[in-house]
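Examination of the molecular architecture
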Amino acid sequence: MDHDLAMLEEKFVTIIDVSSNEEKVHYKTWERPNKLNLMLMRMTVADSIKTTLPKIESAKKFMELVEEYSQTADKSVVGTLMSTLITMKFDSSRTMYEHVIEMTNIAARLKTLRI
């Protein structure tokens with residue numbers, strides 16, 4: 001179904017009246033997976049990264065920008081999560097079980113970040 005076509009190739013030349021049939025077909029086969037990939041990536045990217053990204057029309061360029069932005073965002077998130085985990089204290093406002101579960105969730109989030 002050529003879903004990876006948009007990730008492997010840059011946008012094909014702009015189609016004009018004198019474009020060959022081959023160019024028109026290639027553009028149409030590239031355009032649909034590109035739109036689907038962009039929609040999927042925009043839905044799944046973290047909000048903290050999504051708000052800083054400019055409007056991009058190419059899935060390949062969008063992925064490159066996300067990779068660039070996520071490296072700096074991940075480092076700041078790691079610092080925040082580590083600080084929270086280190087300074088967290090049990091204050092009897094909830095059960096010990098809830099406190100441990102919250103700490104486990106923070107540790108799991110740290111583990112998912114690739115630094």
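Residues numbered from 1 in each chain as written. Predicted model: local features only at pLDDT ≥ 70, side-chain atom pairs only at ≥ 80, totals over all residues. Heavy atoms only, no water.

**Remarks on the pattern of salt bridges**
Summed over the entire model, instances satisfying the criterion amount to 2 salt bridges. In this structure, the salt-bridge partner of Arg 94 is Glu 102, at a minimum N-O distance of 2.3 Å. On the basis of relative accessibility, which here comes to 28%, the residue Arg 94 falls in the partly exposed class. What makes Glu 102 partly exposed here is its relative accessible area of 30%. (Salt bridge = Lys/Arg side-chain N within 4 Å of Asp/Glu carboxyl O. Buried < 20%, exposed > 50% of the residue type's maximum accessible area, 1.4 Å probe, protein only.)

**Side note on the side chain of Ser 58**
Following the sequence through the fold, Ser 58 ends up in the loop between helix 3 (47-50) and helix 4 (59-87). The class of Ser 58 is buried, set by a relative accessible area of 8%. In contact with Ser 58, other than residues within four places in its own chain, are Glu 10, Asn 34 and Leu 38. (Helix = DSSP H or I, 4+ residues; strand = E, 2+ residues; numbered from the N terminus. Contact = heavy atoms within 4.5 Å.)

**Examining the environment of His 99**
Mapped onto the elements of the fold, His 99 is located in helix 5 (residues 96-112). In this structure His 99 comes out as buried when scored by relative accessible area, which is 5%. If near-sequence neighbours (up to four positions away) are discounted, His 99 is found in contact with Met 88, Lys 89, Phe 90 and Arg 94.

**Overview of a nonpolar patch on the surface**
Together, Met 39, Leu 40 and Met 43 line one region of the surface with nonpolar side chains, adding up to about 340 Å² of accessible area. Along the polypeptide, Leu 40 turns up in helix 2 (residues 21-44). We classify Leu 40 as partly exposed; its relative accessible area is 48%. (Patch = residues over 30% accessible without salt bridge, like charges linked within 9 Å, V, L, I, M, F, W, Y side chains within 5 Å. Areas by Shrake-Rupley, 256 points an atom, 1.4 Å probe, with all protein chains shown as cover.)

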